[in-house]
Amino acid sequence: MNFVKRAGLSLWSRKARSLITLGTFLVICTMVLAGLLINTATGRAADSAKRTLGAAVTLGMDLGGLSGNQLQAPQIGSDVVDRIGASPLVAKYNYTYVDGTQLLGGPKLVSDKPLTSDAPPNYTLATGVRDSSLLPDFDNGTWTLLSGSPITAADQDRNVVLVEERLANKNHLKVGDRITLTQNDPGGHTKAAFTIKGVYRNPSDQPDPDYQQFPGDRLIVPAAALGRLNSGGKHGPAQLQGATFQLKDASAFNSFKAQAERTAGNAMHGFKLSINDKALQQMTGPLDSVTTSATAAMWLIGIAGALVLGLLAALAVKQRRTEFGVLLAMGENRWKLVAQQCVEITAVALLAIALSSLFAQGLTQRAGDSLLHSQAASALQKINAYQPPPPGSTGLGEGIDPNDAPVKGADPIDRITVRLRPADLGTVAGISLGVGLLATAIPAASSLRLNPRRILTKGK
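Residues numbered from 1 in each chain as written. Predicted model: local features only at pLDDT ≥ 70, side-chain atom pairs only at ≥ 80, totals over all residues. Heavy atoms only, no water.

The name an unreviewed UniProt entry assigns to the protein chain is ABC transporter permease, from the organism Streptacidiphilus alkalitolerans. Looking at the Sequence similarities (unreviewed entry) heading of the UniProt record, one finds this comment for the protein chain: "Belongs to the ABC-4 integral membrane protein family." Regarding the protein chain, the relevant UniProt record gives this comment under Subcellular location (unreviewed entry): "Cell membrane". (UniProt positions renumbered as here; feature names shortened; annotations may be inferred.)

A. Here's a closer look at the confidence of the model for the protein chain. Mean pLDDT over the protein chain works out to 78, with 76% of the residues at or above the 70 mark. Here helix H1 (residues 3-13) stands out as the element of the protein chain with the lowest mean pLDDT, 52, in contrast to strand E7 (residues 160-164), whose mean of 95 is the highest. (pLDDT = per-residue confidence, 0-100. Helix = DSSP H or I, 4+ residues; strand = E, 2+ residues; numbered from the N terminus.)

B. Layout of unusual backbone geometry. Despite not being glycine, Asn122 has its phi angle at roughly 60 degrees, a positive value. If you trace the backbone, Asn122 turns up in the loop between strand E4 (96-104) and strand E5 (123-129). The backbone of His172 shows a phi angle near 55 degrees, a positive value even though the residue is not glycine. Mapped onto the elements of the fold, His172 is located in the loop between helix H5 (165-170) and strand E8 (178-182). Judged by its relative accessible area of 70%, His172 is exposed. (Buried < 20%, exposed > 50% of the residue type's maximum accessible area, 1.4 Å probe, protein only.)

C. Just the packing of aromatic side chains, in detail. In this structure the tally under the stated criterion is six aromatic pairs. Ring geometry for Tyr93 against Phe245: centres 5.8 Å apart, planes inclined by 20 degrees, an arrangement best described as stacked. Taken together, the positions of Tyr93 in strand E3 (residues 90-94) and Phe245 in strand E12 (residues 243-247) put the pair 152 residues apart, joining distant regions of the chain. Each member of the pair, Tyr93 as well as Phe245, is classed as buried. Through a chain of ring-to-ring contacts, three or more aromatic side chains come together here, namely Tyr93, Tyr95, Phe245 and Phe256. Over the ring of Tyr93 we find Arg130, and its NZ or CZ is 3.8 Å from the ring centre. (Phe/Tyr/Trp six-rings, centres within 6.5 Å; stacked < 30°, edge-to-face > 60°. Lys NZ or Arg CZ within 6 Å of the ring centre and 35° of its normal.)

D. Quick peek at the side chain of Asp155. By the secondary structure assignment, Asp155 is in the loop between strand E6 (144-148) and E7. Residue classification places Asp155 among the buried residues on the basis of a relative accessible area of 2%. One polar contact links the side chain of Asp155 to the main-chain amide nitrogen of Thr152, over a distance of 2.9 Å. What Asp155 contacts, discounting residues up to four positions off in sequence, is Pro150, Val160, Lys197 and Pro222. (Polar contact = N/O pair within 3.5 Å; in protein donor to acceptor, adjacent residues only side chain to side chain. Contact = heavy atoms within 4.5 Å.)

E. The packing of helix H3 (residues 78-85) against helix H7 (residues 253-264), seen in detail. For the pair H3 and H7, the least separation of the axes is 9 Å and the interaxial angle reads 140 degrees. Our classification of the angle between H3 and H7 gives oblique. H3 and H7 meet at a crossing whose hand is right-handed. Residue-level contacts link Val80, Arg83 and Ile84 of H3 to Phe256, Ala260, Thr263 and Ala264 of H7. Looking at the contact of H3 with H7 residue by residue, the class counts come to five nonpolar, one polar and one charged. (Axes fitted to C-alpha atoms, helices over the stretch in contact; angles between N-to-C directions. Parallel < 35°, antiparallel > 145°, perpendicular 65-115°, else oblique. Left-handed = near helix turned anticlockwise from the far one by under 90°. Nonpolar A, V, L, I, M, F, W, Y, C, P; charged D, E, K, R; others polar.)

F. How the structure looks around the pattern of salt bridges. Enumeration according to the criterion identifies seven salt bridges in this entry. Note that Asp155 and Lys197 form a salt bridge whose closest N and O atoms lie 2.4 Å from each other. Residue Asp155 is located in the loop between E6 and E7, and its partner Lys197 is located in strand E9 (residues 191-201); the two are separated by 42 residues in the primary sequence. Of the charged contacts in the structure, one is a salt bridge between Glu164 and Arg166, with a shortest N-O distance of 3.0 Å. Under the relative-accessibility criterion, Arg166 is labelled partly exposed at 23%. What you see here is one network of salt bridges that share partners, running through Asp155, Arg158 and Lys197. (Salt bridge = Lys/Arg side-chain N within 4 Å of Asp/Glu carboxyl O.)

Following this line, the structure appears as structure tokens:
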């Protein structure tokens, strides 16, 4: 009778020990498979969120890279930013800058309070943009365009402007009307007529925290047009102090950064690129927590199971010393005794893998949804509890960190889809068999040192 048949008979004759071993393997296989399935499912959900959100990359001043005697903030031309934004890694991009201007010819500002103590009449601020729809307040729905159309990249060679609803109502302005603006320099004489392309609504009635400007008086114009106005009518790229890029995939940041530095060359001096994945972190935070918990449980059960299997194998060798002694006395090869024990543990492991594959997917789906829902509910509660600073305040005086503000439209992910793939079963089979054989190898190897005469005569 060969050792394979003996292994089968041995398992059948020792049903209690075989069932205990099968139960141990079943727990190991189920937990390892569940850990793999949760890791895979959360990874898919995170990748989907990355593709949906992309990643906001900011081109801003590199304060650490500026020299101590550099008094003026660095600037970068809009033409350089346009070349960077042409990268296939970029989904969309925008740049803005703020400069002063004066309304001429009759229209009056909404606020009677001058912007500065020495400001001329009707002096206000204009925001130069590449695409007004990409401004954060338009993008998240805080500001709405009531009539007309947004400023786009195609408007850079045109003198067009978006005016706020209150300024339009006070001066009876509508889309298609023209207003005259001057350059910021009080000593300059450049002025130009701008056609109203749209009227927007800013619901706030509090001064801007950065410039203390009444929100109804803010003008939005193409960046190139504002640059021409403040350079005496000269055509050329607008000089910017930053830009934002929305990547198609957050994982492409390093590639984009290297590409942008090659494209910009020396123009990048004084600037740095940094990624803002706050929205992505807000959405995937619960996924990270669930993945960490599942991985820890997988390792814990795996190590504990290996120790239990090792103990069972050691006890089996001790209980079967007489059997092994008889076989050795009959001339059985010692290595076949080791192989027999390996066959036994392999048969039990394969059965446990087959059984775990029947219910692991459904069990993991329910457990994963329960854990994720709990984590997402906790994260959402924290988001809803955030109180913004009072209007006109940065929040620092009240102990409120503006960076803690949640991102709108980025609710934490609260559901995953678990799918069992052949590759997952293959991984579990490899891990389980490896654990089983390793736990069996050392006790089984002790069979090589057995002395059949001593066992049969003294039972030792």
